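A structural walkthrough
Chain residues, written in single-letter form:
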Amino acid sequence: MTTQLIPPVEKRPEPAAAPAPGIRGPRRPGAWTPWLYLLPALVVLGALLVYPVYQLGLISFLEYTQAQVSGGEPTSFQGFGNYAALFSDPQFWQVLLATVLFAAACVVTTLAVGCALAVLLTRVRALPRLVLMTAALGAWATPAVTGSTVWVFLFDPDFGPVNRLLGLGDFSWTYGRYSAFALVLLEVVWCSFPFVMVTVYAGIRAVPTEVLEAAALDGASQWRIWRSVTAPILRPILVVVTIQSIIWDFKLFTQIYVMTNGGGIAGQNLVLNVYAYQKAFASSQYSLGSAIGVVMLLILLAVTLVYLRLLRRQGEEL
């Protein structure tokens, strides 16, 4: 009889047991590597942002006017007294309401113009598309002070070409409250729509052509295709662009300050940023100006948290 040798069976290694709920497993060796690369930037941002924000909050709880700056009077702790004085001032609520309404008008108009031009870019040939993109990016790259000065010249009642073309004579756009806000709105939209246009255009190009062709074969119009097909697909991009525009337009300063000469006649065109500047530097009420800055910081922080949450959710969907 021949004895057959049976080869030994190799034992497979048993899989590692999963950590119990509530117990974290061991970290990977390179888990901290990204944070090490980000550390220099975080240090710089901390030095440029954390300390100024700390000083802003500290001054908002003190009595800090020109007398305290010059050393003529000691600095005293006011607690929430500056905030109480600010919230009891009717002008603050008027300026806050004007800021919210003006920012909302800027955001809606910017989104409408940017989305319309993004759709237009998908309908034109390469050369007109290149010209439009170049002109839009040129407007986007123009500094706010330069753009505001140019727009003030264009609508100047004496030398501006716009009044001559429209036959308005010596009509002053910055004299009336609503006409001044409308003029600033046009300038803000002019320098803001390129961001929306480029972002939405990139999103439209990423939409599958099969979906658009199927909607067209079903007899849907271009407006119906945009409203029922393209817009829902672009919803994450549109939400992010909207919140980004809200952050930009809510903290508007340069355009209002330059084009209305510091807030308009009797402060009729004030927004929160210009109002804080006037309180802090024109009236030497640095504590009230700091309190306005803290209120703006909290509002924008809430909007930013929503923005980051939507970015995270969009990343999970992708």
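Please read all numbers here as calculations on a predicted model, not as lab measurements.

Focus on the overall build of the protein chain
For the protein chain, the helix and strand inventory stands at 14 helices and 2 strands. Expressed as a percentage of contacts within the protein chain between residues at least 6 apart in sequence, the contacts between residues at least 24 apart total 66%. Here the protein chain has roughly 20500 Å² of accessible surface; of this, 67% comes from carbon and sulfur atoms.

Thoughts on the nonpolar core
Generally speaking, soluble globular proteins have nonpolar side chains that are buried together. Among the nonpolar cores identified, the biggest contains 39 residues, and Leu86, Phe92, Phe102, Val184, Ile256, Leu272 and Tyr275 are the most heavily contacted of them. Counting only elements with at least two residues in this core, the list comes to helix 3 (81-87), helix 4 (90-121), helix 8 (177-205), helix 11 (235-250), helix 12 (254-259), helix 13 (272-282) and helix 14 (286-317). No other element matches helix 14, which puts 9 residues into this core. Setting aside chain neighbours within four positions, we find Phe102 in contact with Phe181, Val184, Leu185, Leu252, Ile256 and Val271. Core analysis: the second largest hydrophobic core is formed by 21 residues, Leu111, Ala118, Leu121 and Ala231 among them.

Re the side chain of Gln68
As for its placement among the helices and strands, Gln68 is situated in helix 2 (residues 66-70). Polar side-chain contacts of Gln68 include one of 2.6 Å to the side chain of Thr65. Among the polar contacts made by the side chain of Gln68, one reaches the side chain of Glu73 at a distance of 3.5 Å.

Digging into the side chain of Ser60
Note on placement: Ser60 falls in helix 1 (residues 33-60). A polar contact is formed between the side chain of Ser60 and the backbone oxygen of Gly57, at a distance of 2.6 Å.

Regarding the packing of helix 4 against helix 11
Following both chains from N to C, one finds helix 4 and helix 11 inclined at 140°, their axes separated by 9 Å at the closest point. Taken as axis vectors, helix 4 and helix 11 run oblique relative to one another. Crossing handedness for the pair helix 4 and helix 11: right-handed. Residues Leu96, Thr99, Val100, Ala103, Cys106, Val107, Leu111 and Cys115 of helix 4 form the contact with helix 11, whose own contacting residues are Leu238, Val241, Thr242, Ser245, Ile246, Asp249 and Phe250. Residues that form the contact of helix 4 with helix 11 fall into these classes: 11 nonpolar, 3 polar and 1 charged.

Digging into the packing of aromatic side chains
Counting across every chain of the model gives 22 aromatic pairs. A centroid spacing of 5.7 Å and a plane angle of 50° characterise the contact between Phe87 and Phe92, whose relative ring orientation is tilted. With a relative accessible area of 38%, Phe87 lands in the partly exposed category. With 5.2 Å between their ring centres and 70° between their planes, Phe92 and Trp93 make a pair best called edge-to-face. On the basis of relative accessibility, which here comes to 1%, the residue Phe92 falls in the buried class. For Trp93, a relative accessible area of 44% gives the class partly exposed.

Here we look at the state of the cysteines
Scanning the model with the defined rule gives 0 disulfides in all. Just so you know, Cys106 is unpaired, no disulfide at all, and the nearest cysteine sulfur is the one on Cys191, 9.1 Å from it. Cys106 sits in the buried class, given a relative accessible area of 0%.

Here's the deal with the environment of Phe193
Counting through the fold element by element, Phe193 comes out in helix 8. The buried category is assigned to Phe193, whose relative accessible area is 11%. Separated by 76 residues in sequence, Phe193 and Leu117 place their C-alpha atoms 8.9 Å apart. Apart from residues no more than four positions distant in its own chain, Phe193 is found in contact with Thr110, Val113, Gly114, Leu117 and Ala136.

Examining helix 1
Here helix 1 spans 39 Å end to end across 28 residues, near enough to the 40 Å set by a 1.5 Å rise per residue. Of all the bends in helix 1, the greatest reaches close to 45° and is centred on Leu39; the proline Pro40 follows between one and four positions later.

Quick word on unusual backbone geometry
With phi around 55°, Ala266 is a residue other than glycine that occupies positive phi space. Following the sequence through the fold, Ala266 ends up in the loop between helix 12 and helix 13. Positive phi, close to 60°, is recorded for Ser284, a residue that is not glycine. By the secondary structure assignment, Ser284 is in the loop between helix 13 and helix 14.

Some remarks on the packing of helix 8 against helix 11
The geometry of helix 8 relative to helix 11 is characterised by a closest axis approach of 10 Å and an angle of 160° between their N-to-C directions. One way to sum up the angle between helix 8 and helix 11 is to call them roughly antiparallel. Between helix 8 and helix 11 lies a crossing of right-handed hand. Across the interface between the two elements, Val188, Ser192, Phe195, Val196, Thr199, Val200 and Gly203 of helix 8 pack against Ile237, Leu238, Val241, Gln244, Ser245, Trp248 and Asp249 of helix 11. Partitioned by chemical class, the residues of the contact of helix 8 with helix 11 number 8 nonpolar, 5 polar and 1 charged.

Rules used throughout
Residues numbered from 1 in each chain as written. Predicted model: local features only at pLDDT ≥ 70, side-chain atom pairs only at ≥ 80, totals over all residues. Heavy atoms only, no water. Helix = DSSP H or I, 4+ residues; strand = E, 2+ residues; numbered from the N terminus. Contact = heavy atoms within 4.5 Å. Areas by Shrake-Rupley, 256 points an atom, 1.4 Å probe, with all protein chains shown as cover. Core = buried A, V, L, I, M, F, W, Y, C linked by side-chain atoms within 4.5 Å. Buried < 20%, exposed > 50% of the residue type's maximum accessible area, 1.4 Å probe, protein only. Polar contact = N/O pair within 3.5 Å; in protein donor to acceptor, adjacent residues only side chain to side chain. Axes fitted to C-alpha atoms, helices over the stretch in contact; angles between N-to-C directions. Parallel < 35°, antiparallel > 145°, perpendicular 65-115°, else oblique. Left-handed = near helix turned anticlockwise from the far one by under 90°. Nonpolar A, V, L, I, M, F, W, Y, C, P; charged D, E, K, R; others polar. Phe/Tyr/Trp six-rings, centres within 6.5 Å; stacked < 30°, edge-to-face > 60°. Disulfide = S-S within 2.5 Å. Expected span 1.5 Å × (residues − 1). Bend = angle between axes of the 7 residues up to and from the residue.

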